[in-house]
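As a plain string of letters, each chain reads:
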Amino acid sequence: MRKPIMAGNWKMYKNPAETTAFFEKFRPLVAQSEHCEIVICPPYTNIAAAVAAAQGTRIGIGAQDLYWAKEGAFTGEVSGPMIKASGCSHVLVGHSERRQYFDETNETVLQRTIAALEAGLSPIVCVGERLAERESGETEAVLALQFRAGIGLLSADQFARIAIAYEPVWAIGTGKTATPEMAADAHRALRGQVRGRYGAEAADAVRILYGGSVKPDNVRILMAQPELDGVLVGGASLDANSFASIVNF
Ligand code: 13P
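Residues numbered from 1 in each chain as written. Predicted model: local features only at pLDDT ≥ 70, side-chain atom pairs only at ≥ 80, totals over all residues. Heavy atoms only, no water.

J.: Just checking my understanding: could you explain the packing of helix α1 (residues 16-29) against helix α2 (residues 47-54) for this structure?
T.: Geometrically, a packed helix pair is captured by the angle between its two axes and the distance between the axes. It is the contact of α1 with α2, at a shortest axis distance of 9 Å, that shows an interaxial angle of 25 degrees. As far as their axial angle goes, α2 and α1 are roughly parallel. Judged by the sense of rotation from one axis to the other, the crossing of α1 with α2 is right-handed. Here Pro16, Thr19, Thr20, Phe23 and Arg27 of α1 come into contact with α2, specifically with Ala49, Ala50, Ala53 and Ala54. In terms of residue class, the contact of α1 with α2 is made up of 6 nonpolar, 2 polar and 1 charged. (Axes fitted to C-alpha atoms, helices over the stretch in contact; angles between N-to-C directions. Helix = DSSP H or I, 4+ residues; strand = E, 2+ residues; numbered from the N terminus. Parallel < 35°, antiparallel > 145°, perpendicular 65-115°, else oblique. Left-handed = near helix turned anticlockwise from the far one by under 90°. Contact = heavy atoms within 4.5 Å. Nonpolar A, V, L, I, M, F, W, Y, C, P; charged D, E, K, R; others polar.)

See the structure below:
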């Protein structure tokens, strides 16, 4: 059985005081939620507040990105060891917004994933097709390429320590959720890639999260698909009640 990961990606929202206020409300709402892992990924500037507020709970804190060098003259960047030392357990890698606005490629996704693993962080690596790619029937090919040129180049030991998030770009922040069947099809295609590269055991073990307009009122039908091993939530993770009801689907 794969334990679901219910993860929130706060993107560029909230300051430290708002972070502390969120956790005050959120903590009691998920105190009994042992059916899943809970991860919240705030902006770098809120990591200290989030780690302090999550202390003594099972809520993991993650960063939204990292740079692959350990340290150096890279103005504006933050490394895996720094994120780890700040108290994070997780890090997002290759989010479509990083790919779209900040030149992330499959190659840099791989470099960042390796750097995260070396720092002892659990990477959640994002993949997903754009609307035009889906409409022209290329979804599986795009996912296969993102896999083969990215995380498919990890060693088997490295791969065993990552989770994947399938986030169709057209479903992010648009209110257009993939149907549960569409999500499950994409997850099956990804798991097929994993099986081909790393074998049946790795394919059965890897957790694949769905992301894209997940809300309290659609999480249940999405999670009813056995292919979905959790969700990566943007907008609906910013409100404590809303994210708690997603966690407790
Ligand atoms: P929304 O839930 O706001 O669509 O964002 C999804 C996402 O990008 C999570 O990483």
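From this point, the discussion proceeds with the structure in view.
J.: Sorry, what's going on with the site of the ligand here?
T.: Surrounding the ligand, one finds 13 residues, the nearest of these being Lys11, His95, Glu167, Gly173 and Ser213. Side-chain polar atom of Asn9 to an oxygen atom of the ligand: 3.0 Å apart, as the coordinates give it. A distance of 2.9 Å separates an oxygen atom of the ligand from a polar atom in the backbone of Gly235. Burial of the ligand by the protein chains amounts to 96% of its free accessible area of 310 Å². For the shell around the ligand, the per-class residue count stands at 4 nonpolar, 7 polar and 2 charged. (Near = heavy atom within 4 Å. Polar contact = N/O pair within 3.5 Å; in protein donor to acceptor, adjacent residues only side chain to side chain. Areas by Shrake-Rupley, 256 points an atom, 1.4 Å probe, with all protein chains shown as cover.)

J.: Could you clarify how one ought to interpret the pattern of salt bridges in this entry?
T.: Opposite charge on two side chains allows them to pair when their charged atoms are near. Within this structure, the stated rule accounts for 10 salt bridges. Across the pair Arg2 and Asp229 runs a salt bridge whose closest N-O atoms are separated by 2.8 Å. With Arg2 in the segment before β1 (5-9) and Asp229 in the loop between α11 (219-223) and β8 (230-233), the pair connects residues that are 227 residues apart, well separated along the chain. A relative accessible area of 23% means that Arg2 is categorised as partly exposed. Residue classification places Asp229 among the buried residues on the basis of a relative accessible area of 4%. The partner of Asp185 in a salt bridge is Arg188, with the nearest N and O atoms 2.9 Å apart. Within this pair, Asp185 and its partner Arg188 are both found in helix α9 (residues 180-198), separated by 3 residues, close to a single helical turn. Judged by relative accessible area, which is 45%, Arg188 ranks as partly exposed. (Salt bridge = Lys/Arg side-chain N within 4 Å of Asp/Glu carboxyl O. Buried < 20%, exposed > 50% of the residue type's maximum accessible area, 1.4 Å probe, protein only.)

J.: Hey, could you run me through the nonpolar core in this one?
T.: One recurring pattern in soluble globular proteins: nonpolar side chains tend to sit buried together. Grouped together as the largest cluster of nonpolar side chains are 64 residues, with contacts concentrated most on Phe23, Phe26, Phe159 and Ile164. Ignoring anything within four residues of it in the chain, the contact list for Phe23 reads Trp10, Pro28, Ile40, Ala50, Ala53, Ala54, Ile59 and Ile61. In this structure, Ile5, Val39, Leu92 and Ala165 belong to the second largest nonpolar core, which totals 11 residues. (Core = buried A, V, L, I, M, F, W, Y, C linked by side-chain atoms within 4.5 Å.)

J.: Would you mind going over the sheet that holds β8 with me for this structure?
T.: Spatial ordering of the closed barrel is given by β1-β2-β3-β4-β5-β6-β7-β8, a layout of 8 strands whose pairing is parallel. Between one strand axis and the next, the sheet turns by 25 degrees as a mean value, whatever way the strands run. Most of the contacts of helix α12 (residues 240-247) go to β1, to which it runs at about 155 degrees, and overall it touches β1, β2 (37-41) and β8. (Pairing = 2+ DSSP bridges.)

J.: Is there a simple way to explain the packing of aromatic side chains in this structure?
T.: Each aromatic ring pair is summarised here by two numbers: the centre-to-centre distance and the angle between the ring planes. Across all of its chains, the model carries 12 aromatic pairs by this definition. Measuring from centroid to centroid gives 6.3 Å for Tyr101 and Phe102, while their planes differ by 85 degrees, and the two rings are edge-to-face. Comparing Tyr101 with Phe102 shows no difference in burial state: the two are exposed. Members of the aromatic cluster, each reached through a chain of ring pairs, are Trp10, Phe22, Phe23, Phe26 and Phe243. Cation over ring: Lys14 sits above Trp10, and NZ or CZ is 5.2 Å from the ring centre. The ring of Phe102 has Arg98 sitting right over it, with the charged end atom 4.0 Å from the ring centre. (Phe/Tyr/Trp six-rings, centres within 6.5 Å; stacked < 30°, edge-to-face > 60°. Lys NZ or Arg CZ within 6 Å of the ring centre and 35° of its normal.)

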